[in-house]
Amino acid sequence: MENKLKKTYSLILAILLLLQLIPPISYGIEGYTSHPVYNGVENPQDQLKNFHYSDISGHWGTVPILEMAGLSLMRGVAPSRFRPNSSLTYVEALTVLVRAIGKEAEAQQLGELQAPANVRSLLLLSAVHNWGKGAVQVAVNEGIITNEEINQIINLTPQEQENLENQLERQLARFQNGGYSGEEIAEIERQVKEKLENAVWNRPVPRQQVAVWVARALKLQGIYGDKIVKTYGFDDWEQIDTEKIPLIEAVLNQNIMTGITPNTFAPRDEFTRVQMAQVMFNVGEAFLVQRGITQKIGRVMEIEEIIQQQQANEIKKRVYTILNQDNSQNYLTSDAGRDFLVQKEGGLSLSSLLEQGDVIYYFINPQQEIIYARVVPTKITKIEGFIDLVDVDNNRFAMTDFDGKKHLMELPAFTEVMVNGVPASLEDLIYGQEVKATLRQGMVVSIEAYLEEDPYLHGYIPPGSKTKVGDVLLISSTEIELQVEGEREKYRILPTTIVTRNDQHAKLFEVKEGDRVILSFDDIYSADIASIKVEDDERHITNIYRGKLEYVSERNKEMIINSISEYQGATWNPHPQQKISIKVEGDIYLGGNQITLKELSGQTGKELYVAVENSYGTQRAAKVLVKEGSTILYENKVTGLQFGNSRMVVENNTISFNEGTIVVQNNRLVDILNLENQQSIYLAADLNQGRRNATFISIEYDGMMDDRIDGTRLVVYRGRIEDLGDYSLTLGRLAYQLDYLKLENHQWGEIARPQKLTMTEDTYVFDSEIQKEVPTGYFLNSRFIDPNQIQDLDLRTRIKNNHYIGKSAFIIARETTLQGETTAEILGINLTPNHFNYYHILNTDHSAIGEIAEVDLDANEMTITNLRHWNTLSSRWESVRTQEVVSMEKATILVNDKPISREEFYQLKQRAKVYIIKSKASATHDDAYIVVVEQ
């Protein structure tokens, strides 16, 4: 690889020297290299203006939509709108396919030839209408659409024919008194009638019709007999028109189209514009060939700025050196007058988006110009294991990962190979070697191999040591990534791995990014974790301060800050003390650069951001960042994220981040890689020389009811108890016109059919009407137990009267999904008065999330800080600037999935995360009914 780069640098230098000799009329670098050179197209900025779609941000179809725009196959309904979910019309579908086969110009010319002359200044038939007619005619000539299909589309029912005549009559009435001659009125009538008749082409096109037209455009052969397999896999295949089945099977076999679900094709449903974009994206190169467009795949190896003299002007050109997948090399060039569109990270711009190292698909037109490039997404997959086979001749190798799965990988020419951190080649890899392959969208971009004597290889535990201590950067159900002495290391989590917290058994989902953990191993040479021990509150971030640096003591490793503000629930509040002393043992940053405590002393008088831990009663700075600029605050969702560029988008502003940015989640200091698109965050940024640099980010945690890494999640139901069986409860509708409810995405939704849920002896049952716990055995066996055995008079009376059948209740259950099957176990039941349904459930029940500030055991009240309420109208969390007191007298409370009794309320800790379903009890306080705590 070093030799290749040296050759590249030499060639670039040669180009720079030769450009000084280029005559003034010369424009490119062609003729000075044996490698192909592709210039951008003219006026790219004008083209880009047509693709600023404001309605596709965050849409699943953003990539294919922008690809179709970049390749001029589909256009928006306006420069700012694509309308991805709108129905595709017959004429739109045919127009896209005509473009795809390179016949758009022919269709436009045919449309112009058929366009009638205007009557005076009247324009009754637009260019879109005339070109649409041309597209239909070309589609007929190319065999995409049949005359029989045309007749089916334009055939009108008697009622539709009558409506058309009525519309024609109404529209012609507008021209009767306009002073037009009889000949002009006749021509107007002909054009208006043609316009109305052709409106049928603007009706939604069915899915089955699109599939058939795509097959014909690709000249696919129909599939018959016992080779029809995929179509029969749909439950509704018999609804497909008989003559269309063979071609639909051909399209399915090519993976061009799929059903709307694995079992449903929905042949007569409408097809949307984004679905058409996805279909064309799936087709790939087949249509490109028909248009004379060549697709290449390569990696940007070098980007150089070249200044070229042209007459009296200097032209700045960018030259991109591309090493292609087939080991060939070429150059792409751009300047102010010629450039090309680039799609990257869900956005479309010009070539300035490209960075060194980007892997791109790029497209060359028949004029040998680059028209468009798509950067392979930055989502990285890493596979780790041991080498099984090295095939140098065919440029591939095989490996078995740590889970025993085998992988055979084709290696592009640009794949980087390293052994123990030293550049190497495929020939240097050997059987049995430990290896890590990094894939970018399925392409292998790097291979890191390790020799056994390397003490830093992945998963290596030094002899004599059976533990590893570090901070959790990322965790999933199968692996954990730690930061250990500044290095990132990964280890495997097994189903047998034991998790403990506070010397008690815990669940895997309780391990959070930012936790300090101790990993233990049964085999010092294995990456398999035997146990994970979480060091608890000593590692939690207790405060975020912003203040001025007054003094630094290198000897005592401490600093004093004054003029202090403290971050509390999306606000900065004055600290009660004028100045405080903080131990400084963590990382210190100035911008993106780490500095020493001595260098920090030179920043006296400047403002700092400090993330503080309470380390055994002493405030300790876990991370310090020197402020550099004016403060700007944001509270919104992340709408764009580029780790490669270290940039994010919040409220339409591009904000940079770096290693010094303080990122906090769940009261823990976390890695910047924990940021995700659509996350709700609070962000403080420095505005410095026009650039916004993130200084502090609080990732707002709202995932307590989301899917968890161990395949479980918590769900809440609201309904009436229809029946109690053998460790089961059947939940039914709340009222005559109100089905039982399930909390989905923090909002109640009705479920029509009764739900049967599993109970256990550990299910906690609480009667909030009388504020008493109900023994599970009494509740489950209420129809069979002798009431006289029950000492409590209230419970005895209720059991005797079969009170709990038909009773309304909140139910919190844990869903577990294994191998595609989901089961639900009831953890807690809160029995509520029946009249509660009618007056409260739809109006005052709402969700809140926050942190415990204080628990008053005497008053049975909980004070919540950093509080957010769910707004059902806007479907988002909204911050509450003040603390709120919630009554727990009627609440069922779960701590880390375990229900706790009234006597165990003392276990609730300050700063623990809480999710509450509560109801407005009075103007001064709310009653909590379900409280979920993570601590």
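None of these values were measured; they are calculated from a predicted model.

Caption draft 1: Geometry of the overall build of the protein chain. Each helix and strand in the protein chain was counted, giving 17 helices and 54 strands. Buried residues in the protein chain amount to 50% of all 935 residues.

Caption draft 2: Here's a closer look at the nonpolar core. Of all hydrophobic cores here, the largest spans 82 residues; its most connected members are Leu97, Trp201, Trp213, Met276, Met280 and Phe287. Looking at this core, the element that brings in the most residues is helix α4 (residues 90-100), giving eight residues. If sequence neighbours within four positions are ignored, Met276 has contacts with Met74, Leu88, Ala93, Val96, Leu97, Val210 and Phe271. Judged by nonpolar contacts, the second largest core, of 25 residues, contains Leu757, Ile785, Tyr804 and Ile829.

Caption draft 3: Structural detail: the pairing of strand β50 (residues 884-887). Here strand β48 (residues 861-871) pairs with β50 via four bridges, running antiparallel. In the strand pairing of β50, Met862 is matched with Val886. Bridging between β50 and strand β54 (residues 926-934) involves two bridges; their strand directions are parallel. Looking at β54, one finds that Ser887 is bridged to Asp927.

Caption draft 4: Representation of the packing of aromatic side chains in the model. Summed over all chains, the structure comprises 23 aromatic pairs. For the pair Phe643 and Phe657, a centre-to-centre distance of 6.1 Å together with 65° between the ring planes defines the contact as edge-to-face. Of this pair, Phe643 sits in the loop between β31 (630-642) and β32 (647-650) while Phe657 sits in the loop between β33 (653-656) and β34 (662-665), placing them 14 residues apart in sequence. For Phe643, a relative accessible area of 30% puts it in the partly exposed group.

Caption draft 5: Spotlight on the side chain of Lys317. Within the secondary structure, Lys317 is located in strand β4 (residues 313-324). At 3.3 Å, the side chain of Lys317 and the side chain of Asp335 are in polar contact.

Caption draft 6: Inspection of the pattern of salt bridges at higher detail. Scanning all chains against the criterion turns up 50 salt bridges. Its salt-bridge partner being Glu550, residue Lys579 comes within 2.8 Å of it at the nearest N-O pair. With a gap of 29 residues between them, Lys579 in strand β27 (residues 579-590) and Glu550 in strand β24 (residues 541-553) connect regions that are remote in the sequence. Among the ionic pairs, Arg814 bridges to Asp897, the shortest N-O distance being 3.3 Å. Taken together, the residues Arg814 in strand β45 (residues 808-818) and Asp897 in the loop between β51 (892-895) and β52 (898-900) connect sequence positions 83 residues apart. Like Arg814, the residue Asp897 is buried in the burial classification.

Caption draft 7: Representation of unusual backbone geometry in the model. Of note, Ser72 is a non-glycine position whose phi angle comes to about 60°, a positive value. Looking at the secondary structure, you find Ser72 in the loop between α3 (62-70) and α4. For Ser72, a relative accessible area of 26% corresponds to the partly exposed category. The phi angle at Arg911 is positive, at roughly 70°, despite the residue not being glycine. In this fold, Arg911 is placed in the loop between β52 and β53 (913-920). For Arg911, a relative accessible area of 34% translates into the label partly exposed.

Caption draft 8: Layout of the packing of α3 against helix α12 (residues 273-283). Interaxial distance between α3 and α12 falls to 8 Å at its minimum, and their mutual angle equals 75°. Viewed along their axes, α3 and α12 adopt a mutual orientation that is roughly perpendicular. In this structure, α3 uses Val63, Pro64, Ile65, Glu67 and Met68 to contact α12, whose residues at the interface are Val274, Ala277, Gln278, Met280 and Phe281.

Caption draft 9: Inspection of the pairing of strand β12 (residues 396-401) at higher detail. The buried fraction of β12 is high, at five of six residues. Where strand β11 (residues 380-391) meets β12, six bridges bridge the pair, whose relative direction is antiparallel. If you follow Gly385 over to β12, its bridge partner there is Asp401. Counting the residues in the hairpin turn of β11 and β12 gives four residues, including Asn395, whose phi is positive at 55°. Where β12 meets strand β13 (residues 406-410), five bridges bridge the pair, whose relative direction is antiparallel. Across the sheet, Phe397 pairs through a bridge with Met409, a residue of β13.

Caption draft 10: How the structure looks around the environment of Lys918. Considering the arrangement of structural elements, one finds Lys918 in strand β53. Residue class for Lys918 comes out buried when judged on its relative accessible area of 1%. Separated by ten residues in the primary sequence, Lys918 and Ala928 have C-alpha atoms spaced 4.1 Å apart. Within the structure, the side chain of Lys918 is placed 3.0 Å from the side chain of Asp926, a separation counted as a polar contact.

Caption draft 11: Inspection of helix α11 (residues 245-253) at higher detail. Of all the nine residues making up α11, eight are buried; the element is thus mostly covered by neighbouring parts of the structure. Of the residues making up α11, those classed as buried are Ile245, Pro246, Leu247, Ile248, Glu249, Ala250, Val251 and Leu252. Each element contacted by the buried residues of α11 is listed here: α10 (207-217). Phi turns positive, to about 60°, at Asn255, one or two residues after α11.

Caption draft 12: The arrangement of the sheet that holds β13 in detail. A sheet is described by the order of its strands in space; here seven strands give the open sequence β13-β12-β11-β16-β17-β14-β15, paired in mixed fashion. A strand with exactly one partner marks an edge of an open sheet, and here the two such strands are β13 and β15 (422-424). Direction aside, the axes of adjacent strands within the sheet are offset by 35° on average. One ladder, built from seven bridges, connects strand β16 (residues 434-440) with strand β17 (residues 443-450); its direction is antiparallel. Bridge pairing links Thr438 to Ser446 in β17.

Caption draft 13: A look at α4. Within α4, nine of the eleven residues are buried, leaving the element largely enclosed by the surrounding structure. Regarding α4, the residues found buried are Tyr90, Val91, Ala93, Leu94, Val96, Leu97, Val98, Arg99 and Ala100.

Caption draft 14: Seen up close, the confidence of the model for the protein chain. Model confidence for the protein chain is summarised by a mean pLDDT of 84, while 89% of its residues fall at 70 or above. Averaged over each element, pLDDT in the protein chain is lowest for helix α17 (residues 836-839) (45) and highest for α10 (96). Per-residue pLDDT stays below 50 along residues 453-465; that stretch engages in 29 contacts with residues further than four places along the chain or on separate chains. Counted against residues more than four places away or in other chains, residues 835-843, with its pLDDT under 50, gives 21 contacts.

Conventions adopted
Residues numbered from 1 in each chain as written. Predicted model: local features only at pLDDT ≥ 70, side-chain atom pairs only at ≥ 80, totals over all residues. Heavy atoms only, no water. Helix = DSSP H or I, 4+ residues; strand = E, 2+ residues; numbered from the N terminus. Buried < 20%, exposed > 50% of the residue type's maximum accessible area, 1.4 Å probe, protein only. Core = buried A, V, L, I, M, F, W, Y, C linked by side-chain atoms within 4.5 Å. Contact = heavy atoms within 4.5 Å. Pairing = 2+ DSSP bridges. Phe/Tyr/Trp six-rings, centres within 6.5 Å; stacked < 30°, edge-to-face > 60°. Polar contact = N/O pair within 3.5 Å; in protein donor to acceptor, adjacent residues only side chain to side chain. Salt bridge = Lys/Arg side-chain N within 4 Å of Asp/Glu carboxyl O. Axes fitted to C-alpha atoms, helices over the stretch in contact; angles between N-to-C directions. Parallel < 35°, antiparallel > 145°, perpendicular 65-115°, else oblique. pLDDT = per-residue confidence, 0-100.

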